[in-house]
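Analysis of the macromolecular model
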Amino acid sequence: YSHAKDLQTHTEAMITAFKAADGWSFELMGEPFWWSLEQLKAALPAGSLAVTHSQEPVAYFRYLKKQRPALVVVPLEDNAFNRSKSNIAWIEATMAGAVVLAPDWDEWRMPGVINYSDHNHFAQLIAMFAAGGFNDNDRWEQSRDYILANLTLDRLNGDRLDVINSLKS
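What this report covers is the structure whose coordinates are included nearby. (Residues numbered from 1 in each chain as written. Predicted model: local features only at pLDDT ≥ 70, side-chain atom pairs only at ≥ 80, totals over all residues. Heavy atoms only, no water.)

Spatial strand order, β3-β4-β5: 3 strands in an open sheet with parallel pairing. Strand pairing shows two members of the sheet lacking a second neighbour, β3 (71-73) and β5 (114-116), which therefore form its edges. If you compare each strand with its neighbour and ignore which way they point, the axes differ by 25° on average. One ladder, built from 3 bridges, connects strand β4 (residues 99-103) with β5; its direction is parallel. Counterpart to P103 in the pairing with β5 is Y116. (Pairing = 2+ DSSP bridges. Helix = DSSP H or I, 4+ residues; strand = E, 2+ residues; numbered from the N terminus. Axes fitted to C-alpha atoms, helices over the stretch in contact; angles between N-to-C directions.)

If you want it as C-alpha cells, here you go:
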C-alpha cells in the first residue's frame, strides 16, 4: 500500500478526469488503496475500471506490453520521498507504447512526458488526452527516441567505463 496516499491525493481529480474521458476504460495496476478504489467504482460507469494486482516483474512487463495502454498516469503526492523516486515508470510505459502523464518535477520533465502541476491540471490533462488533445504518437516517439539514445545499458555502460577510466588516470 505504498501508493495509498498518492491515490488518495488524486482520487477526486481521477474521478473528474475519467468521467470526462467518456468511452475510455481505465486500469489500476498494483495493490490499489481500497478507499480510492471504492470511490472510483462508485463514480464511474460499470465496467470502465479494472484492477490488476501486483505481478512478478517479468509478468508485469509482458502484461503491460500486451495491454498497450494509450496513456500511463503517474499520480504522486508531492512529498520528499516521491520527489526522490526515479522516472522508471516513464521508461516502462514508453517501452510498452504509452504516453506518460507525470508530475511537473525535474525527474519527470523528459521528452514526450505530459507534466501536471496540480490536481486540477491533472484532471484537465487526462480529459484533453482522451479527447485527442495531444499528438500521442509524436510524444511517444520523443520519449522512445530519447530513451534509446541515452538510457540503454550499452550507452550507460559506456559512460560508466569512461568514469572508471578517468579515475585510473
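This brings us to the packing of helix α3 (residues 57-67) against helix α5 (residues 88-95). Packing of α3 against α5 leaves a shortest axis separation of 8 Å and a crossing angle of 55°. Judged on the interaxial angle alone, α5 and α3 are oblique. Between α3, through Y60, F61, L64 and K65, and α5, the contact on the second element is made entirely by E92, A93 and M95. Grouping the constituent residues of the contact of α3 with α5 by class yields 5 nonpolar, no polar and 2 charged. (Parallel < 35°, antiparallel > 145°, perpendicular 65-115°, else oblique. Contact = heavy atoms within 4.5 Å. Nonpolar A, V, L, I, M, F, W, Y, C, P; charged D, E, K, R; others polar.)

Of all 5 residues making up β4, 5 are buried, and the element is well covered by its neighbours. In terms of strand pairing, β3 meets β4 through 3 bridges, oriented parallel. Bridge pairing in β4 links V73 to L101. (Buried < 20%, exposed > 50% of the residue type's maximum accessible area, 1.4 Å probe, protein only.)

For the rest of this paragraph, the subject is the layout of surface pockets. In this model, the largest pocket occupies a volume close to 1400 Å³. L28, M29, Y60, V72 and V73 are, among the 45 residues lining the largest pocket, the residues nearest its centre. Contributions of two or more residues to the lining of the largest pocket are made by α1 (4-20), β1 (26-29), β2 (49-52), α3, β3, α5 and α6 (119-130). Taken together, the residues of the lining of the largest pocket sort by class into 30 nonpolar, 10 polar and 5 charged. (1 Å grid on protein atoms, 1.4 Å probe; cavity = no way out; pocket = protein on both sides within 12 Å on 5 of 7 lines; lining within 4 Å. Points joined across faces, edges and corners; volume = space filled by probe spheres on them.)

If the charged atoms of two oppositely charged side chains come close together, the side chains can form a pair. Tallied over the entire structure, the rule returns 5 salt bridges. D104 is the partner of R109 in a salt bridge, and the nearest nitrogen-oxygen pair spans 2.7 Å. Residue class for R109 comes out partly exposed when judged on its relative accessible area of 43%. A residue is classified by how much of its surface remains accessible, and D104, at 32% relative accessible area, is partly exposed. For D106, the salt bridge is made with R109, and the minimal N-O distance between the two is 2.4 Å. In the salt-bridge network here, residues are joined through shared partners; they are D104, D106 and R109. (Salt bridge = Lys/Arg side-chain N within 4 Å of Asp/Glu carboxyl O.)

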